[in-house]
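# Structural overview
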Amino acid sequence: MNEKTVAARRTAKLDTPTSLGEKATRDISGALNALLADFFALYLKTKNFHWHVSGPHFRDYHLLLDEQGDQLYATTDPIAERVRKLGGTTVRSIGHIARLQRVLDNDAEYVTPLDMLSELREDNARLVDRMRETHNVCDEHRDVATASLLEVWIDEAERRAWFLFEATRHGETPGR
Ligand SMILES: [Fe+2]
């Protein structure tokens, strides 16, 4: 391949076939990529807490967070591929994720188990809010397929928040 061909390919438009239009591609891809960064960030935070949790409920919390981490990670590929189907490009590196993520990292040396669960519950609740906002963007462009995927991911995030909520309530019971 000569230099000219390489240069042309580098700058070529990604002409993925989609009938949604350029504005839809831009708006929905943008919203989905920010969500993707949040899913990666929350995945790693959930695994961080899975690895570092301690105390009398260790086994329960350790296993719960592993399950939730698996679910978060499993969502990343469908989000990224949805962006590509829409004709957009998606995240390319950890650095790219860090620039887009809205979920805050927690690099603290020690976090109590209850603080871990509360923080994750809050992060999942915020994720639900942002997915609902993205659902609105999809509705504006009549992108029913992305909207339908989001409905499942919202339900899953609400389930994670529910489990985290019940587990933290347990910890507040007097005398425990
Ligand atoms: Fe593990």
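Placed above this text is the structure.
Let us look at the structure shown here. Just so it is clear, the model here is predicted, and its values are computed rather than measured.

It is worth spelling out the nonpolar core at this point. The biggest cluster of nonpolar side chains holds 38 residues, and the ones touching the most others in it are Ile28, Leu32, Leu127 and Met131. Elements with a contribution of two residues or more to this core: α2 (22-52), α3 (58-85), α5 (113-140) and α6 (144-172). Looking at this core element by element, the count peaks at 10 residues for α2.

The next thing to look at is the packing of α3 against α5. Running from amino to carboxyl end, α3 crosses α5 at an angle of 25 degrees, the nearest separation of the two axes being 12 Å. Of the possible angle classes, the one that applies to α3 and α5 is roughly parallel. For the pair α3 and α5, the sense of crossing is left-handed. Along the contact surface, α3 presents Tyr61, Leu65, Gln68 and Leu72, while α5 presents Pro113, Leu114, Leu117, Leu120, Asn124 and Leu127. Residue classes in the contact of α3 with α5 are distributed as eight nonpolar, two polar and no charged.

Quick look at the side chain of Arg130 now. Its location among the elements puts Arg130 in helix α5. On the basis of relative accessible area, Arg130 is assigned to the buried category, the value being 16%. The contact partners of Arg130, leaving out residues within four places of it in the chain, are Leu35, Asp38, Arg102 and Val103.

You will see that Arg142, though not glycine, has its phi angle at about 55 degrees, which is positive. Considering the arrangement of structural elements, one finds Arg142 in the loop between α5 and α6.

Taking 1.5 Å of rise per residue, 28 residues should cover 40 Å, and α3 covers 41 Å from first to last C-alpha, within 8% of that figure. When we look at burial in α3, the residues that qualify are Tyr61, Leu64, Leu65, Gln68, Gly69, Leu72, Thr75, Thr76, Ile79, Ala80, Arg82 and Val83. Gly87 sits one or two residues past α3 and shows a positive phi near 95 degrees.

Rules of the game
- Residues numbered from 1 in each chain as written.
- Predicted model: local features only at pLDDT ≥ 70, side-chain atom pairs only at ≥ 80, totals over all residues.
- Heavy atoms only, no water.
- Core = buried A, V, L, I, M, F, W, Y, C linked by side-chain atoms within 4.5 Å.
- Buried < 20%, exposed > 50% of the residue type's maximum accessible area, 1.4 Å probe, protein only.
- Helix = DSSP H or I, 4+ residues; strand = E, 2+ residues; numbered from the N terminus.
- Axes fitted to C-alpha atoms, helices over the stretch in contact; angles between N-to-C directions.
- Parallel < 35°, antiparallel > 145°, perpendicular 65-115°, else oblique.
- Left-handed = near helix turned anticlockwise from the far one by under 90°.
- Contact = heavy atoms within 4.5 Å.
- Nonpolar A, V, L, I, M, F, W, Y, C, P; charged D, E, K, R; others polar.
- Expected span 1.5 Å × (residues − 1).

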